[in-house]
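Listed below are the residues making up each chain.
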Amino acid sequence: MPTTPKTTTKGAFTEQERDAMKERANELKSARRGAKADTESEVLAKIAEMPEPDRVIAERLHAVIKANVPALTPKLWYGMPAYAHNGKMICFFQPAAKFKARYATLGFSDAANLDDGAMWPASFALTELTADVEERIGALLRQAVS
């Protein structure tokens, strides 16, 4: 079973966290330069680099997102596939390998309209995408942008 990455000094970031921050800084620099990138191609290229099973899950998740809410714009966020609506990030896919976790994560930002009383889930562990899981994700996505 993979272990959580350890820090070398108290309060220091892990290598994986530092890498994610560097990727985010590069994304912001590109945006400030006004680079008109093909963000979907960048997301698909990042997915293609992932090891299995993350790649398989990310490819299916991308297809589920595009089929259920085609208005979402794919983009990179901290080097991870993310999907925005009207410029606001709604959800993201965190591969298990990125932080040496035992499962991948589908996370939603506070811009997602998933409110349900005083408490609701904002991220979900993914180990595989079955038809039932894809259906649940589709419903969450449609609710998130409603």
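Look above for the structure.
Treat the numbers as computed from the prediction; the structure is a model and nothing was measured.

**What about a nonpolar patch on the surface?**
Alright, step 1. A cluster of nonpolar side chains, Phe13, Met21 and Tyr78, forms an exposed patch at the surface whose accessible area comes to about 270 Å².
Alright, step 2. Looking at Met21, the relative accessible area reads 36%, which means it is partly exposed.

**Overview of the nonpolar core**
Alright, step 1. Membership of the largest hydrophobic core comes to 27 residues, with the highest contact counts inside it found for Cys91, Phe93, Phe108, Leu126, Ile137 and Leu141.
Alright, step 2. Taken together, the elements giving at least two residues each to this core come down to α2 (39-49), α3 (54-68), β3 (88-94), β4 (104-108), β5 (123-126) and α4 (131-144).
Alright, step 3. Among the elements that take part in this core, α3 stands out by supplying five residues, more than any other.
Alright, step 4. In this structure Leu126 touches Ile57, Phe93, Tyr103, Ala104, Leu106, Val133 and Ile137, once residues within four positions along its chain are discounted.

**Regarding the pairing of β3**
Alright, step 1. With five of seven residues buried, β3 is to be regarded as a mostly interior element.
Alright, step 2. The sheet contact formed by strand β2 (residues 80-85) and β3 spans four bridges and is antiparallel. Bridged to Ala84 within β3 is Met89.
Alright, step 3. Where β2 folds back onto β3 in an antiparallel hairpin, the turn is made up of two residues, including Asn86, whose phi is positive at roughly 55°.
Alright, step 4. The pairing of β3 with β4 spans four bridges and is antiparallel. Paired with Phe93 across the two strands is Leu106, which belongs to β4.

**Section: the packing of aromatic side chains**
Alright, step 1. All chains considered together, the criterion is met by three aromatic pairs.
Alright, step 2. For the pair Trp77 and Tyr78, a centre-to-centre distance of 4.9 Å together with 90° between the ring planes defines the contact as edge-to-face.
Alright, step 3. Judged by relative accessible area, which is 21%, Trp77 ranks as partly exposed.
Alright, step 4. Ring centres of Trp77 and Phe92 lie 4.9 Å apart, and the angle between their planes is 45°; this geometry places the pair in the tilted category. Of this pair, Trp77 sits in strand β1 (residues 73-77) while Phe92 is found in strand β3, placing the two residues 15 residues apart along the sequence.
Alright, step 5. With relative accessibility at 13%, the residue Phe92 sits in the buried group.
Alright, step 6. Grouping aromatic residues by their ring pairs yields a cluster made of Trp77, Tyr78 and Phe92.

**Some details on the packing of α3 against α4**
Alright, step 1. As a packed pair, α3 and α4 sit with axes 9 Å apart at the nearest point and diverge in direction by 45°. Compared by their axis directions, α3 and α4 come out oblique. Seen from above, α3 lies across α4 with right-handed handedness. Contacts between α3 and α4 pair Arg60, Leu61, Val64, Ile65 and Asn68 from the former with Glu134, Ile137, Gly138, Leu141 and Arg142 from the latter.
Alright, step 2. Counted by class, the contact of α3 with α4 contains five nonpolar, two polar and three charged residues.

Basis of the calculations
All chains use their own residue numbering, which begins from 1 and follows the written sequence. Two thresholds apply to this predicted model, a pLDDT of at least 70 for residue-level local features and 80 or more for giving and counting side-chain atom pairs, whereas whole-chain, interface and lining totals are computed over all residues. Side-chain metrics rest on all non-hydrogen atoms present in the structure, leaving aside hydrogens and water. Note on patches: the residues involved have over 30% relative accessible area and no salt bridge, like charges join within 9 Å, and the nonpolar side chains Val, Leu, Ile, Met, Phe, Trp and Tyr join within 5 Å. Areas reported as accessible are Shrake-Rupley estimates using a 1.4 Å probe. Residue values count occlusion only from the protein chains shown. Every case where a carboxyl oxygen of Asp or Glu lies within 4 Å of a side-chain nitrogen of Lys or Arg is listed as a salt bridge. Throughout this description, buried means an accessible area under 20% of the type-specific maximum (1.4 Å probe, protein chains only), exposed means over 50%, and partly exposed covers the range between. What is meant by a nonpolar core is a set of buried Ala, Val, Leu, Ile, Met, Phe, Trp, Tyr and Cys residues, joined one to another through side-chain atoms within 4.5 Å. Only DSSP runs of H or I reaching four residues or more are called helices, and only runs of E reaching two or more are called strands; each is numbered from the N terminus. It only takes one pair of heavy atoms within 4.5 Å for two residues to be counted as in contact. Here a strand pair is declared whenever DSSP counts at least two bridges between the two strands. Aromatic rings from Phe, Tyr and Trp, with only the six-membered ring used for Trp, were paired whenever their centres fell within 6.5 Å, and each pair was classed as stacked if the ring planes differed by under 30 degrees, edge-to-face if by over 60, and tilted otherwise. Axis lines are fitted to C-alpha atoms, over the contacting stretch for helices. Their N-to-C directions set the angle, which ranges from 0 to 180 degrees. Between 65 and 115 degrees an angle is taken as roughly perpendicular, under 35 as roughly parallel, over 145 as roughly antiparallel, and anywhere else as oblique. Note: crossing handedness is left-handed where the near helix turns anticlockwise from the far helix by less than a right angle, and right-handed where it turns clockwise. Each residue receives one of three labels: charged for Asp, Glu, Lys and Arg, nonpolar for Ala, Val, Leu, Ile, Met, Phe, Trp, Tyr, Cys and Pro, and polar for the others, Gly being one of them.

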